[in-house]
Amino acid sequence: MSSFRQRSGTSRRTRDTSDLDARTRILDAAEELFAGGGYEATPTAEIARLAGVPKGLVFHYFSKKIDVLVALIDERTHVEESPEVEAVPGDAAGALSRLARRLPLSASPAMRRILFREVDTHGSVRERLGRLNSEIIRRARFALELALPTARGDAARLEVAAVTFAAVLLYQENLCQLTGHHIDPDAVAELIAHALG
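Parameters at a glance
- Numbers given for residues are sequential positions, taken from 1 along each chain in its written order.
- Only residues with pLDDT of at least 70 are given local features in this predicted model, and only at 80 or more are side-chain atom pairs given and counted; all residues enter the totals for whole chains, interfaces and linings.
- Here the side-chain values reflect all heavy atoms present in the structure, with hydrogen atoms and water set aside.
- Runs of H or I in DSSP of at least four residues are treated as helices and runs of E of at least two as strands, each being numbered from the N terminus.
- Only protein chains enter the accessibility calculation, which uses a 1.4 Å probe; a residue is then buried when its area is under 20% of its type maximum, exposed when over 50%, and partly exposed in between.
- The criterion used for residue contact is that any of the two residues' heavy atoms lie within 4.5 Å.
- In these tables, accessible area is a Shrake-Rupley quantity obtained with a 1.4 Å probe, and a residue counts as shielded only by the protein chains included in the view.
- Definition of nonpolar core: a set of buried residues of the types Ala, Val, Leu, Ile, Met, Phe, Trp, Tyr and Cys, connected through side-chain atoms within 4.5 Å.

Chemist: Account for the overall build of the protein, with residues named and values stated.
Modeler: Along the protein, the regular secondary structure elements total nine helices and two strands. The secondary structure elements of the protein, listed N-terminal to C-terminal, are α-α-α-α-β-α-β-α-α-α-α. By residue count, 40% of the 197 residues in the protein fall in the buried class. A separation of at least 24 residues holds for 70% of the contacts in the protein among residues at least 6 apart in sequence. If you sum the accessible surface of the protein, you get close to 10,900 Å²; carbon and sulfur atoms cover 55% of it.

Structure, rendered in structure tokens:
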């Protein structure tokens, strides 16, 4: 009896691991396909085929195709936690540059394409992109407030500066893909600091 229990437990762990692996493969396939052809143009059967799983298994994990997109957005895009902002009074450019280096947006190039491609058609994507944008703006504004304590009274200018810097961090890869121009966040930090100075 104990031998049966032991084998049963091992089998269950193996099944749990393979289930997790199947779900990951489904999300990997969806990420590739949604980034390549778009959400609407991707049939669920194609996701299953690329993932190497039966179509029914896709619906085991995600009751509707939109749930696959929502899971991708929720699980594969976020602003990574970082230590407190390092800011030296009078050095706004340095504070923003350090923020850019220490605050990576965790999302593959494919996930960034999905975010920007689907933002106008799916509320969940728009909401997630809005949260990411708000978090980057909040951190940029905080960095500027620390670096420019005398500018705190000019909240409108600090907000515009933070929004501008957040746009650079969030959209730089898309802009580079569209135009071929790489934007250096350090150069933008210098420009913003000069404008605020």
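Chemist: Could you give an account of the nonpolar core, naming the residues involved and the relevant values?
Modeler: Counting 58 residues, the largest nonpolar core has Phe34, Leu144 and Phe165 as the members making the most contacts within it. Of all the elements in the fold, those that place two or more residues in this core are helix H1 (2-37), helix H2 (44-51), helix H4 (65-76), helix H5 (92-102), helix H6 (109-118), helix H7 (123-147), helix H8 (155-179) and helix H9 (185-196). With nine residues, H7 is the single largest residue contributor to this core. Ignoring any residue separated from it by four or fewer positions in sequence, one finds Leu144 in contact with Ala92, Leu96, Leu158, Ala161, Ala162 and Leu196.

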